[in-house]
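Reading the structure
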Amino acid sequence: EDGTIKLWDHESSEYLRTLKGHTSTVNSLSFTPTGSHLASSSSDLSIKLWDFSTYTCIRTLRGHDHTISAVQFIPLPVKETSTRSLNTPSASNETTTVSATSLASSSSNANTGIDMSVAGSSYLASASRDQTVKIWDLETGFCDQTIKDHNDWVRCIGVRDSDGALMATSGNDTVIYVYDTTTKDRKQIAQLRGHQHVVEALSFLVSANHNHHKKNTQSEQKHFDSCMDYIASGGRDSTVRLWSINTSQCLAVFEYHENWVRGVLIHPSGNFIISTGDDRSIRVMDIKSNRCLRTIDNAHSHFVTSIAMHHTLPILVSGGVDQTVRCWALD
């Protein structure tokens, strides 16, 4: 709530630096797929884009009329990213190679926009209390589209990070809208209804680089394809729900939390949902058996407001109202 963004080394727990720029509460953060840039959204009605090679704010996006609740980068389609090799610093401190032309292009856009070949993304989505979702062109900094399907505060965004092809939004009106981001007008393809209170969190299958994408058999490929159809949601009705996008049906309802659910993740294996909330717990739900496998009670000393998963290591990160960030090793 102090308007700052703090960076930490997750291995040593060492504090690294503070990014200052916002003048009110920072509500959401999102890294580009390559980790080259960070987006932050705030109650000061602005979105800031940060270059992580210099840790400086390179652009401020304005256009929302109220608190900006969430931001999420939309990854480039697989067919575009597979032909590129990048040498940008990533969130996991890993590096790959980049072409000289990419670096030159990135340099030329340093003050005006983000080079999509460096970032692995060309668009950023934002959700706001002004009831809209905006899609921003990262190269120009202009708003490319404003979506007005919701009739109340839009609190959360989910993007399928394995291919960037799907985006979902939800909030106070309890409806989850799903969009095809590969179409020019980002066509709405599903409406998911079932939550009885505000929806606080959404997640597609988390993409990870550690073994989970190695599908050696036909059955493994079939399982992975079915998991790509999943979206999970968590809300103030204390439930976690799993949905099929293709059928718009709710596949499972997990009623194990004792208070608002604030964060959900679909594990890269497609077998589990990890959730957290105001009951201060982190829970692991087994999708196949529809039961809670594991509970970490008092994971934080106050409400647990967010969870995220490392994209190359089996590490879960949680943040809470107790002003701490915790790293958990996953089995």
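All of the points below concern the structure found in this document. Small disclaimer: the values here were computed from a predicted structure and weren't measured.

Spatially, the four strands line up as an open sheet ordered β11-β12-β13-β14, and their pairing is antiparallel. Strands at the two margins of the open sheet, each flanked by one partner only, are β11 (154–159) and β14 (188–192). If you compare each strand with its neighbour and ignore which way they point, the axes differ by 20 degrees on average. Examined bridge by bridge, strand β12 (residues 166–171) and strand β13 (residues 176–180) share four bridges and lie antiparallel to one another.

A separate point is unusual backbone geometry. Where the residue is not glycine, phi is negative for most of them; where a peptide bond is considered, it is trans in most cases. Phi at serine 238 takes a positive value of approximately 70 degrees, unusual for a residue other than glycine. For serine 238, a relative accessible area of 17% puts it in the buried group. You will see that asparagine 298, though not glycine, has its phi angle at about 50 degrees, which is positive. Counting through the fold element by element, asparagine 298 comes out in the loop between β22 (291–296) and β23 (304–309). Since its relative accessible area comes to 59%, asparagine 298 is described here as exposed.

A few words on the nonpolar core. Ranked by size, the top nonpolar core spans 18 residues in total, and within it Val240, Leu242, Ile266 and Ile273 carry the most contacts. Of all the secondary structure elements, the ones that give two or more residues to this core are α4 (218–227), β16 (230–235), β17 (240–244), β18 (249–254) and β19 (261–266). Tallying contributions element by element places β19 first for this core, with three residues. Leave out the neighbours within four places in its chain, and leucine 242 touches Tyr230, Ile231, Gln249, Cys250, Leu251, Ala252, Ile266, Ile273 and Ile287. Ile74, Ala125, Val133 and Tyr177 belong to the second largest nonpolar core, which has 14 residues in total.

With that settled, consider the pairing of β16. Counting buried residues along β16, six of its six residues qualify, which places the element largely inside the surrounding structure. Because side chains alternate across β16, one face comprises the buried residues Tyr230, Ala232 and Gly234, and the other comprises Ile231, Ser233 and Gly235, equally buried. Note that β16 and β17 share five bridges and pair antiparallel. From the neighbouring strand, isoleucine 231 faces β17, where its bridge partner is tryptophan 243. What sits between β16 and β17 in their antiparallel hairpin is a turn of four residues, with serine 238 showing a positive phi close to 70 degrees.

About the cut-offs
Residues numbered from 1 in each chain as written. Predicted model: local features only at pLDDT ≥ 70, side-chain atom pairs only at ≥ 80, totals over all residues. Heavy atoms only, no water. Pairing = 2+ DSSP bridges. Helix = DSSP H or I, 4+ residues; strand = E, 2+ residues; numbered from the N terminus. Axes fitted to C-alpha atoms, helices over the stretch in contact; angles between N-to-C directions. Buried < 20%, exposed > 50% of the residue type's maximum accessible area, 1.4 Å probe, protein only. Core = buried A, V, L, I, M, F, W, Y, C linked by side-chain atoms within 4.5 Å. Contact = heavy atoms within 4.5 Å.

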